[in-house]
Amino acid sequence: MALTQQQRDEKRRAKAERLQEEDLRLKVRPGTKQALLELMEWAGIEEQGEAMTLMIHHIEALGHHALFRIARHEIEAHRSVARTEPLRLSARKRTGQHLNAICGWADATYSQMIEALIHGIRALGRLHAAKFLAPPRHEITISARLAMAFDRKSMLMIQQNPGDEVLAPFTQLST
């Protein structure tokens, strides 16, 4: 049986609480949402939250110098705008911490910072903006100890069940 709307809402709230998500309702200048949609199209991203989260993490990793090179003018432009449109971000704990840190660098609100990131990164153009919207690639390394343990375990399994042995092909001698 399908869940009711109330059950789906309860399930979503429980998941958000478990993952320590914070629901941010941002007010941004008109045109910001369109700029975000354009960035998402460039990067092949379907969810607004994912795009904003990637931008936040990339900027935080690069440091405050990168923020000011990209978004300095945009942060100042937002402070005197009266008309706004809503934008929503469900941020997990670490994303919220990163957003808080970069807002501290510029003495800006969440709304101001998200808007500045969107417009600043969009101004970089398609090629450079892609760097800020790319999912992180984690490098996986296997220690020598783990490799040796895996090798021993594999050899033990082969000895216990040698049914998958590879035999050399039979060749006939022609006389």
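Not measured: the values here are computed from a predicted model. (Residues numbered from 1 in each chain as written. Predicted model: local features only at pLDDT ≥ 70, side-chain atom pairs only at ≥ 80, totals over all residues. Heavy atoms only, no water.)

**Concerning the layout of surface pockets**
For the record, the criterion: The definitions used throughout rest on a 1 Å grid laid over the protein atoms alone, on which a cavity is an enclosed set of points accommodating a 1.4 Å probe that cannot get out and a pocket is an open set flanked by protein within 12 Å on both sides along at least five of seven lines; lining residues are those having an atom within 4 Å of a point. Grid points are joined across faces, edges and corners, and a volume is the space filled by probe spheres set on the points. Helix and strand labels come from DSSP, where a helix needs a run of H or I of at least four residues and a strand needs a run of E of at least two; each type is numbered from the N terminus. Classes in brief: Ala, Val, Leu, Ile, Met, Phe, Trp, Tyr, Cys and Pro nonpolar; Asp, Glu, Lys and Arg charged; the others, Gly included, polar.
Each pocket or cavity is described by its volume, and for the largest pocket that value is around 240 Å³. Glu47, Gly49, Glu50, Leu89 and Ser90 are, among the 13 residues lining the largest pocket, the residues nearest its centre. Within the residue set of the lining of the largest pocket, elements represented by two or more residues are α3 (48-62) and β2 (85-91). Grouping the amino acids of the lining of the largest pocket by side-chain chemistry returns two nonpolar, five polar and six charged. Size it by volume and the second largest pocket reaches roughly 190 Å³. Forming the boundary of the second largest pocket are Arg12, Lys15, Ala16, Leu19, Glu21, Glu22, Asp23, Arg88, Ser90 and Arg92. Breaking the lining of the second largest pocket down by element, the ones donating at least two residues are α1 (5-18), β1 (22-28) and β2. Residues of the lining of the second largest pocket, tallied by class, amount to two nonpolar, one polar and seven charged.

**Observations regarding the nonpolar core**
Keep this limit in mind: Throughout, nonpolar core names a set of buried Ala, Val, Leu, Ile, Met, Phe, Trp, Tyr and Cys residues whose side chains join them through atoms within 4.5 Å. Each residue is assigned to one of three classes by its accessible area relative to the maximum for its type, calculated with a 1.4 Å probe on protein chains only: buried under 20%, partly exposed between the two thresholds, exposed over 50%.
Judged by nonpolar contacts, the single largest core of 32 residues is most densely connected at Met55, Met113 and Leu117. When residues in this core are grouped by element, the largest group, six residues, is from α3.

**What to know about the confidence of the model for the protein chain**
Heads up, the rule is: Residue-level confidence of the predictor is what pLDDT reports, using numbers from 0 through 100.
Looking at the protein chain as a whole, the pLDDT averages 83, with 85% of positions reaching at least 70. Mean pLDDT values for the elements of the protein chain range from 69 in helix α4 (residues 64-78) up to 92 in helix α2 (residues 32-43).

**Digging into the environment of Leu26**
The line we're drawing: Contacts between residues were defined by any pair of non-hydrogen atoms, one from each residue, lying within 4.5 Å.
For Leu26, the location among the structural elements is in strand β1. Separated by 88 residues in the primary sequence, Leu26 and Ile114 have C-alpha atoms spaced 8.2 Å apart. If we ignore the near neighbours within four places in the chain, the residues touching Leu26 are Met52, Glu85, Pro86, Leu87, Leu89, Tyr110, Ser111 and Ile114.

**A closer look at the packing of α2 against α3**
Basically, it comes down to this: Every axis in this analysis is a line fitted to C-alpha atoms, fitted for helices over the stretch in contact. Angles between the N-to-C directions lie between 0 and 180 degrees. Here roughly perpendicular refers to angles of 65 to 115 degrees, roughly parallel to angles under 35, roughly antiparallel to angles over 145, and oblique to all remaining angles.
Look at α2 against α3: their axes get within 10 Å of each other, and the N-to-C directions meet at 85°. Comparing the axis directions of α2 and α3 gives the class roughly perpendicular. Packed against α2, whose contacting residues are Lys33, Leu36, Leu37, Leu39 and Met40, the element α3 presents Gln48, Ala51, Met52 and Met55 at the interface. Taken together, the residues that form the contact of α2 with α3 break down as seven nonpolar, one polar and one charged.

**Describing unusual backbone geometry**
Residues other than glycine seldom take positive phi values, yet Asp107 does so here, at roughly 50°. Of note, Asp107 is situated in the loop between α5 (93-106) and α6 (110-123).

**Overview of the pattern of salt bridges**
Should the charged atoms of two oppositely charged side chains come close, the side chains can pair. Convention followed: The rule for a salt bridge is simple: a side-chain nitrogen of Lys or Arg has to be within 4 Å of a carboxyl oxygen of Asp or Glu.
Across all of its chains, the model carries one salt bridge by this definition. Of the charged contacts in the structure, one is a salt bridge between Arg122 and Glu38, with a shortest N-O distance of 3.1 Å. Separated by 84 residues along the polypeptide, Arg122 in helix α6 and Glu38 in helix α2 bring together distant segments of the chain. In this structure Arg122 comes out as partly exposed when scored by relative accessible area, which is 33%.

**Quick word on a nonpolar patch on the surface**
Spelled out, the test is: Only residues whose relative accessible area exceeds 30% and that take part in no salt bridge are eligible for patches, with like-charged residues grouped when within 9 Å of each other and nonpolar side chains (Val, Leu, Ile, Met, Phe, Trp, Tyr) grouped when within 5 Å. All accessibility values rest on the Shrake-Rupley procedure with a 1.4 Å probe; residue burial counts only the protein chains present in the view.
A cluster of nonpolar side chains, Ile140, Ile142 and Leu146, forms an exposed patch at the surface whose accessible area comes to about 370 Å². With respect to the helices, strands and loops of the structure, Ile140 is situated in the loop between α7 (126-132) and α8 (144-160).

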